[in-house]
Amino acid sequence: MPKIITATPNDIPIIRKIAQSAFPETYAEILTPQQSDYMMEMMYSRDSLLQQMQGNHTFYIIYAEDNKTPCGYVSVEKESDDVFHLQKIYLLKEFRGKGFGKILFDTAVEHVRRVHPSPCKMLLNVNRSNKSAQNFYKKRGMYKYSEGDFDIGNGFFMNDYIFALDLK
């Protein structure tokens, strides 16, 4: 059975190591190498991850069945009173398609329900070109809520659908 831990600042090197592999692989056919590099620095530098953890983000790391091999992570951010945002969910390539993504998604949902037991919404940005991710989230009950082109600086944009899950 995979193990899930709540990440602390001591786990930042683990998250960074997974991200350095999983993020560029996920977006290899979608983003230019320059945008991928920019986003990696923006979202996964040690300082950025520390700031996220000290803010409203909660990170969870999933370990493979051996309980020693970190293979993915998820991050949930409290955005406002009744809105949470699933910010990050990534797995190493060799662990995709084995149920780990579903476990991470369920962990995010459980986190939101635990900290906010009344009805609320969990949102997620998903790249409009990432059809496999869109299908994954639709299978989990999420629906297309809106879309946008978000300026992330340096001349780069995230061209996303915003998916939502209504939690009761």
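Structure first, text after, so check above.
These remarks concern the structure in this document.

## So, the nonpolar core
Consideration 1: Counting 51 residues, the largest nonpolar core has Ile-15, Phe-23, Tyr-44, Phe-105, Met-122 and Tyr-137 as the members making the most contacts within it.
Consideration 2: Among the elements that take part in this core, helix α1 (residues 12-27) stands out by supplying seven residues, more than any other.
Consideration 3: Sequence-distant contacts of Tyr-44, that is, excluding residues within four places in its chain, are made with Ile-15, Arg-16, Ala-19, Phe-23, Met-39, Leu-49, Tyr-73, Lys-88 and Tyr-90.

## Examining the packing of aromatic side chains
Consideration 1: Considering all chains together, one arrives at 13 aromatic pairs under this definition.
Consideration 2: Relative to Tyr-90, the ring of Tyr-73 has its centre 5.9 Å away and its plane inclined at 45 degrees; by these criteria the two rings are tilted. Placement of the pair is Tyr-73 in strand β3 (residues 70-80) and Tyr-90 in strand β4 (residues 83-91), with a sequence separation of 17 residues. The exposure classification of Tyr-73 matches that of Tyr-90, with both residues buried.
Consideration 3: With a centroid separation of 5.1 Å and 85 degrees between ring planes, the pair formed by Phe-136 and Tyr-137 is classed as edge-to-face.
Consideration 4: Aromatic ring contacts, followed pair by pair, group Phe-23, Tyr-27, Tyr-44, Tyr-73 and Tyr-90 into a single cluster.

## Digging into the side chain of Asn-127
Consideration 1: Mapping Asn-127 onto the fold places it in strand β5 (residues 120-127).
Consideration 2: Leaving out residues up to four positions away in the same chain, Asn-127 has contacts with Tyr-27, Ile-30, Leu-31, Gln-134, Asn-159 and Asp-160.

## What to know about the pairing of strand β6 (residues 143-153)
Consideration 1: Taken together, the nine bridges between β6 and strand β7 (residues 156-167) define a ladder with antiparallel strand orientation. The residue of β7 that forms the bridge with Ser-146 is Ile-162.
Consideration 2: Hairpin remark: β6 followed by β7, antiparallel, with two residues in the connecting loop; positive phi at Asn-154, about 60 degrees.

## A word on the packing of helix α2 (residues 33-44) against helix α3 (residues 46-54)
Consideration 1: Interhelical geometry of α2 versus α3 gives an angle of 45 degrees and a closest axis separation of 5 Å. Taken together, the axis directions place α2 and α3 in an arrangement best described as oblique. Contacts from Met-42, Met-43 and Tyr-44 in α2 reach Arg-46, Ser-48, Leu-49 and Gln-52 in α3.
Consideration 2: Split into classes, the residues belonging to the contact of α2 with α3 amount to four nonpolar, two polar and one charged.

## Remarks on the layout of surface pockets
Consideration 1: As a volume, the largest pocket reaches approximately 910 Å³.
Consideration 2: What lines the largest pocket is a set of 37 residues, among which Thr-26, Tyr-27, Ile-89, Tyr-90 and Tyr-137 lie closest to the centre.
Consideration 3: Only α1, α2, β4, α4 (100-115), β5, α5 (131-139) and β7 provide two or more residues apiece to the lining of the largest pocket.
Consideration 4: Ranked by the residues each element gives to the lining of the largest pocket, the list is headed by β4, at seven residues.

Reading guide: rules and limits
Residues numbered from 1 in each chain as written. Predicted model: local features only at pLDDT ≥ 70, side-chain atom pairs only at ≥ 80, totals over all residues. Heavy atoms only, no water. Core = buried A, V, L, I, M, F, W, Y, C linked by side-chain atoms within 4.5 Å. Buried < 20%, exposed > 50% of the residue type's maximum accessible area, 1.4 Å probe, protein only. Helix = DSSP H or I, 4+ residues; strand = E, 2+ residues; numbered from the N terminus. Contact = heavy atoms within 4.5 Å. Phe/Tyr/Trp six-rings, centres within 6.5 Å; stacked < 30°, edge-to-face > 60°. Pairing = 2+ DSSP bridges. Axes fitted to C-alpha atoms, helices over the stretch in contact; angles between N-to-C directions. Parallel < 35°, antiparallel > 145°, perpendicular 65-115°, else oblique. Nonpolar A, V, L, I, M, F, W, Y, C, P; charged D, E, K, R; others polar. 1 Å grid on protein atoms, 1.4 Å probe; cavity = no way out; pocket = protein on both sides within 12 Å on 5 of 7 lines; lining within 4 Å. Points joined across faces, edges and corners; volume = space filled by probe spheres on them.

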